[in-house]
Amino acid sequence: MGAGEHIADAAAQRDELQPHAAEQLIGQQDGGDEGVRRAAEHRDEAHGGGEPGGQAQQRAECTAEGRTDVELRRLMYTAQLPDQGPFVIRYPRGRGVLLDWKCPLEEIPVGKGRKLKEGKDLAVISLGPIGNVAARAIERAEKDKGISIAHYDLRFLKPLDEALLHEVGLNFQHVVTIEDGVKKGGMGSAVLEFMADNDYIPHIRRIGVPDAFIEHGTIQELYHLCEMDEEGIYTLLIKNEE
């Protein structure tokens with residue numbers, strides 16, 4: 001067998017094994033070792049694990065964060081596909097949000113966010129699982145104040161979905177960014193830079209971990225301290241209408 005045939009044979013074996021390897025890796029989210037799970041829960045109670053989004057933007061060609069367990073599985077599958085280059089997935093702390101998390105392994109277009117909900121008065125841009133908390137706050141704000149709020153899941157911190165951000169810049173005067181990380185140099189800062197570079201002038205408020213020392217505690221306690229829980233997000237959303 002010649003060198004070219006050896007290479008072709010190896011490539012065929014790789015392509016055959018990739019889906020199985022991805023299933024094995026992603027399947028570890030379910031079940032797993034009880035001791036590891038307990039250690040992770042203890043770790044989550046100790047600190048929030050906030051990370052400057054700017055670091056993630058600088059260190060890899062692609063940085064993503066899944067909003068749900070299904071999104072996370074598909075991001076992990078996408079990351080192991082050929083020719084993706086450096087790919088960072090920020091793995092969420094705490095528990096998953098879906099009991100039925102199994103889904104077909106499908107590729108997610110890199111750098112593409114999605115609109116979760118239509119709205120006309122205010123746009124919310126979230127990144128990662130905190131978008132689930134934001135969705136509950138949005139529902140409350142709309143019910144209590146009669147405002148119409150659009151919700152976008154950015155999905156990727158790098159590369160940014162510029163088409164999504166152009167849509168927001170063209171259609172909204174009020175924008176709220178929500179991220180589970182240090183907001184200084186993070187996703188909110190990237191959105192501010194994009195709007196400035198493209199001559200959009202919406203009023204933007206950012207929700208995230210402040211540039212300050214945060215005490216240890218449970219995730220919910222830290223969210224409350226940083227005004228990143230449902231109540232904190234709700235309060236900021238209705239403040240835009242006052």
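This text goes with the structure placed above it.
Residues numbered from 1 in each chain as written. Predicted model: local features only at pLDDT ≥ 70, side-chain atom pairs only at ≥ 80, totals over all residues. Heavy atoms only, no water.

Draft legend 1. Looking closely at the overall build of the chain. Within the chain, the secondary structure is distributed over nine helices and eight strands. For the chain, buried positions account for 43% of its 242 residues. The long-range share in the chain, meaning contacts at least 24 apart out of those at least 6 apart in sequence, stands at 81%. By element, 50% of the accessible surface of the chain is carried by carbon and sulfur atoms, the whole surface being about 13200 Å². (Helix = DSSP H or I, 4+ residues; strand = E, 2+ residues; numbered from the N terminus. Buried < 20%, exposed > 50% of the residue type's maximum accessible area, 1.4 Å probe, protein only. Contact = heavy atoms within 4.5 Å. Areas by Shrake-Rupley, 256 points an atom, 1.4 Å probe, with all protein chains shown as cover.)

Draft legend 2. Molecular detail of the side chain of D180. For D180, the position within the fold is in strand β7 (residues 174-182). Here the side chain of D180 touches Y223 through a polar contact of 2.8 Å, side chain to side chain. Residues in contact with D180, not counting those within four places in the same chain, are R90, L127, I130, Y223 and M228. (Polar contact = N/O pair within 3.5 Å; in protein donor to acceptor, adjacent residues only side chain to side chain.)

Draft legend 3. Structural view of the side chain of R155. On the secondary structure map, R155 appears in the loop between β5 (149-153) and β6 (156-158). At a separation of 3.4 Å, a polar atom in the side chain of R155 contacts the main-chain carbonyl oxygen of K112.

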